[in-house]
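Letter by letter, the chains look like this.
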Amino acid sequence: MCGIIGYCGPKPAAAVILEGLKRLEYRGYDSAGLCIYSDGRFHIIKRTGKIRDLRNSVPPLLKGDFGIGHTRWATHGEVNNVNAHPHTDCDDRIAVVHNGIIENYVSLKEKLKSEGHVFQTETDSEVIPHLIEKYYSGDLEEAVKEALALLKGTYGIVCMHIDHPGKLVGARNGSPLVVGIGNGESFLASDVTAIISHTKQVVYLEDGEVANIDADDFRTTDLRDQVIEKKVELVSWELEEIEKDGFVHFMEKEIFEQPESVKRAMGGRIEPDLATAHLGGLNMSNKDLLNIERVRIVAAGTSFYAGMVGAYLLESIARIPCTVEISSELRYRNPVVERNTLHFAVSQSGETADTLYAMRELQRKGATVLGICNVVGSTIARESDGGVYIHSGPEIAVASTKAFTSQVTVFYLFSLLLSRMRHMSYEEGVDFIQNLQSVPVKIEQILMNNQAIRNMAVKYSHFKDFLFLGRGINYPVAMEGALKLKEISYIHAEGYSAAEMKHGPIALINEETPCLFLVPDDGLKEKIISNMREVKSRKGKIIAVAVEGDSEITEISDDVIEVPRMKECFYPLVMVVPLQLFAYHCAVELGRDVDQPRNLAKSVTVE
Ligand code: M6R
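This is a predicted model, so every value here is computed, not measured.

Draft legend 1. The arrangement of the pairing of strand E17 (residues 294-299) in detail. Summarising burial for E17: 5 of the 6 residues are buried, a large majority. Inspection of the sheet shows E17 paired to strand E19 (residues 341-347) by 6 bridges, in the parallel sense. Looking at the pairing, Val-298 lines up with Ala-345 of E19. Between E17 and its parallel partner strand E18 (residues 322-326), the chain crosses via helix H9 (residues 301-316), and the hand of that crossover is right-handed.

Draft legend 2. Layout of the side chain of His-117. Mapped onto the fold, His-117 is located in the loop between helix H3 (105-114) and helix H4 (127-135). Note on His-117: relative accessible area 12%, which makes it buried. Engagement of the side chain of His-117 in a polar contact is seen with the side chain of His-130, the distance being 3.2 Å. Polar side-chain contacts of His-117 include one of 3.1 Å to the side chain of Glu-133. When near neighbours in sequence (up to four residues on either side) are disregarded, His-117 contacts Cys-90, Leu-112, His-130, Glu-133 and Lys-134.

Draft legend 3. A look at helix H20 (residues 571-589). In this model H20 runs 28 Å from its N-terminal to its C-terminal C-alpha over 19 residues, within 8% of the 27 Å that 1.5 Å per residue would give. Where burial is concerned, most of H20 is hidden: 17 out of the 19 residues are buried. Gly-591 occupies a position one or two residues after H20 and carries a positive phi of about 70 degrees.

Draft legend 4. Inspection of the sheet that holds strand E24 (residues 515-519) at higher detail. One open sheet accounts for 5 strands, arranged E23-E22-E24-E25-E26; its pairing is parallel. Two strands in the sheet have a free side with no partner beyond their single neighbour: strand E23 (492-497) and strand E26 (559-563). Adjacent strand axes in the sheet meet at a mean angle of 20 degrees, parallel and antiparallel pairs treated alike. As defined by bridge partners, strand E22 (residues 465-470) adjoins E23 across 6 bridges and the pair is classed as parallel. Bridged to Leu-467 within E23 is Glu-494. Packed onto the sheet, helix H16 (residues 450-460) meets E22, strand E25 (542-547) and E26 and runs at close to 150 degrees relative to E26. The sheet contacts of helix H18 (residues 525-536) involve E24 and E25, and relative to E24 the element is tilted by about 165 degrees.

Draft legend 5. A look at the site of the ligand. Taken together, the neighbourhood of the ligand is formed by 15 residues, with Ser-303, Ser-347, Ser-349, Thr-352 and Glu-487 sitting nearest. Within the side chain of Thr-352, one N or O atom sits 2.4 Å away from an oxygen atom of the ligand. The side chain of Lys-484 places a nitrogen or oxygen atom 3.0 Å from an oxygen atom of the ligand. Alone, the ligand offers 410 Å² of accessible surface; in the complex the protein occludes 91% of this. When contributions to the shell around the ligand are tallied by element, the ones reaching two or more residues are H9 and helix H17 (475-489). Of the residues contributing to the shell around the ligand, the split by class is 5 nonpolar, 8 polar and 2 charged. Split by domain, the residues of the shell around the ligand number at least three in each of domain 2 (244-437) and domain 3 (444-596).

Draft legend 6. Quick look at the nonpolar core. Core analysis: the largest hydrophobic core is formed by 128 residues, its most contacted members being Phe-344, Tyr-412, Phe-414, Phe-466 and Phe-582. In terms of residue count, the dominant contributor to this core is H20 (13 residues). Ranked by size, the runner-up nonpolar core spans 23 residues in total, among them Tyr-105, Phe-119, Leu-131 and Leu-151.

Draft legend 7. Geometry of the pattern of salt bridges. On inspection of all chains with the given rule, the structure shows 35 salt bridges. By sharing partners, the salt bridges in this structure join Glu-141, Lys-145, Arg-219 and Asp-225 into a single network.

Draft legend 8. Examining H4 more closely. H4 sits mainly inside the fold: 7 of its 9 residues count as buried. Contacts made by the buried residues of H4 are with strand E5 (87-88), strand E6 (94-99), H3, helix H5 (140-148) and strand E7 (155-161).

Draft legend 9. Molecular detail of the domain arrangement of the protein. Domain boundaries assigned for the protein yield domain 1 (3-235), domain 2 (244-437) and domain 3 (444-596). Taken residue by residue, the interface counts 32 residues in domain 2 and 28 residues in domain 3. Between domain 2 and domain 3 lies a buried interface of about 2700 Å² when both sides are counted; carbon and sulfur atoms form 72% of it. In this structure, the connection of domain 2 to domain 3 is made through 1 salt bridge. A salt bridge links Asp-431 to Lys-567, with the nearest nitrogen and oxygen atoms 3.0 Å apart. Applying the counting rule to domain 2 against domain 3 returns 12 residue pairs in polar contact (both at pLDDT 80 or more). Breaking the side of domain 2 that touches domain 3 down by element, the ones donating at least two residues are helix H6 (250-256), helix H7 (258-266), H9, helix H13 (402-421) and helix H14 (426-437). Ranked by residues supplied to the side of domain 2 that touches domain 3, first place goes to H9 with 7 residues.

Draft legend 10. Representation of the packing of aromatic side chains in the model. For the structure shown, the criterion picks out 14 aromatic pairs. Residues Tyr-37 and Phe-42 carry aromatic rings whose centres are separated by 6.3 Å and whose planes lie at 80 degrees to one another, so their mutual orientation is edge-to-face. Tyr-37 gets classed as buried once you look at its relative accessible area, which sits at 16%. According to the relative accessible area criterion, Phe-42 is buried, its value standing at 9%. Taken together, the ring pairs in this structure connect Tyr-460, Phe-463, Phe-466, Phe-468 and Phe-582 into an aromatic cluster. Lying over the aromatic face of Tyr-490, Arg-598 brings its terminal NZ or CZ to 3.9 Å of the ring centre.

Draft legend 11. Examining the pairing of strand E8 (residues 168-173) more closely. Of all 6 residues in E8, 5 are buried, a share of seventy percent or more. Bridge count between E7 and E8: 5 bridges; the pairing is antiparallel. By the bridge assignment for E8, Val-158 is matched with Gly-170. Two successive antiparallel strands, E7 and E8, enclose a turn made up of 6 residues, where Gly-166 displays a positive phi of approximately 80 degrees. Relative to strand E12 (residues 209-213), E8 is paired through 5 bridges, and the arrangement is antiparallel.

What counts and how
Residues numbered from 1 in each chain as written. Predicted model: local features only at pLDDT ≥ 70, side-chain atom pairs only at ≥ 80, totals over all residues. Heavy atoms only, no water. Buried < 20%, exposed > 50% of the residue type's maximum accessible area, 1.4 Å probe, protein only. Helix = DSSP H or I, 4+ residues; strand = E, 2+ residues; numbered from the N terminus. Pairing = 2+ DSSP bridges. Right-handed = clockwise from strand over helix to strand, strands pointing away. Polar contact = N/O pair within 3.5 Å; in protein donor to acceptor, adjacent residues only side chain to side chain. Contact = heavy atoms within 4.5 Å. Expected span 1.5 Å × (residues − 1). Axes fitted to C-alpha atoms, helices over the stretch in contact; angles between N-to-C directions. Near = heavy atom within 4 Å. Areas by Shrake-Rupley, 256 points an atom, 1.4 Å probe, with all protein chains shown as cover. Nonpolar A, V, L, I, M, F, W, Y, C, P; charged D, E, K, R; others polar. Domains from an automatic or database assignment. Core = buried A, V, L, I, M, F, W, Y, C linked by side-chain atoms within 4.5 Å. Salt bridge = Lys/Arg side-chain N within 4 Å of Asp/Glu carboxyl O. Buried area = accessible area lost by both parts, 1.4 Å probe. Phe/Tyr/Trp six-rings, centres within 6.5 Å; stacked < 30°, edge-to-face > 60°. Lys NZ or Arg CZ within 6 Å of the ring centre and 35° of its normal.

See the structure below:
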């Protein structure tokens, strides 16, 4: 989704802002723009397309020591140069970049127009500079606060005024904003990725907070001008983690990082002597944990599928009833919050609006909600009642890969913890841990099949429709595989329970609809083989992800991707990897923009 960077300091602002915008590309965008103050005036340049198009339009000699930049993911108004940010007031003396949606912009715009304001764009955002203009009488921060008080909706904004060189005012309500504190320079950004090459010292703004920065200082207040003392935090990851490191795409790099990222998700959380897990951030005593009677998981997209695997584990291993729900649906259906029910909000970014609002709704009803997040300091991580970081490191590709395996790993740990407090014996706990700890090596073995999976992707990438079929704990993995394929290759794919096929989707089977079956050697294998035969007898092509050396599966299938043998419940962590690679290579073969697929954003901060 949209990205923001603002800069005050001695470096050439245009270069800093263009670099920051480049690093924000991963969030997904369709146009970009910047405003630089130089020689006593604003230089505003906006372009549809990529940051390189914007960069090519910026005069090389444009210096300036403060400015703002934005990547836009269109919501209101088509994708064109005019609708790109920054937006300005009538006299081009105030420039604003905005993330989020102003819900009452129509009425505000009508009123402002009736008062003589002239609008240039179709966006909701443009009301902000006009409102600031209306209330400005020499004090920019005061005018911003008056303007913000009238807005309904969500915003992360940064604005600048031609009469206040070297100063930026930023504010947040529902859309993240951080202050970066450098040596004689300051930043405002929608995420730390944009500024990590300059500083690791940041202040995370909360909703309702306003930051006033210049090169040497910052000040934070609420909308009523009460000063708020903020803690300066240190970003824990390194710049190298957001570089491609020799890989062609971030997605490929992130798939290959999984042996390490799964290890990190477990790191320091296993207690071998007690054959259990220790999850420090839960903020729950053993007594609290013992009182849990039910679990409910809310999430969106890939995190939802990770939650589905988690629900399966919690029920089958820990024997605790568990449901998992799409966060956008839960929020609006007036959910019942029962006593002794623990809730999880699962989100890689920790900023997904649907999941954040679902979490707030649950908390409003008195629920305890734990976060399972990757981005440290993200809104869900901060507002949840406790939780677990997955420690995957930055996930830059829009398609989520390593976050999925790490989220699922956390659910294994949580299931182990609860099971060991209940029925699981010490010996069973030891066995569970050994199996979990063997996963990184097994993922490495699958990654060694990369070339074979690539060849298969080349062979199948011209098909227009796919079915991904799995059962039991691997059913969500089939859905995740289908999601990966459609989002980055734009090939239509559906994930189904293999058993459900006969209730409808089997009508689609012919030579043109390959079926990708997940076939571990578990209790449902014979049932899945029957489903495979049903496809075969209708001339459907079959790709199977099956256990190495399984000749029965090889005989029925057109192609087989082998995975190492595992204990039944651990298959999701390995079965998903060939599906990620298959989707990746299909997308590459089709010449897609793998890391920034069309229409998608990395963190979906609007409803
Ligand atoms: O940051 P989150 O985990 O909350 O994001 C949820 C979804 O938007 C995300 O998983 C999305 O489905 C990805 N593009 C999947 O690859």
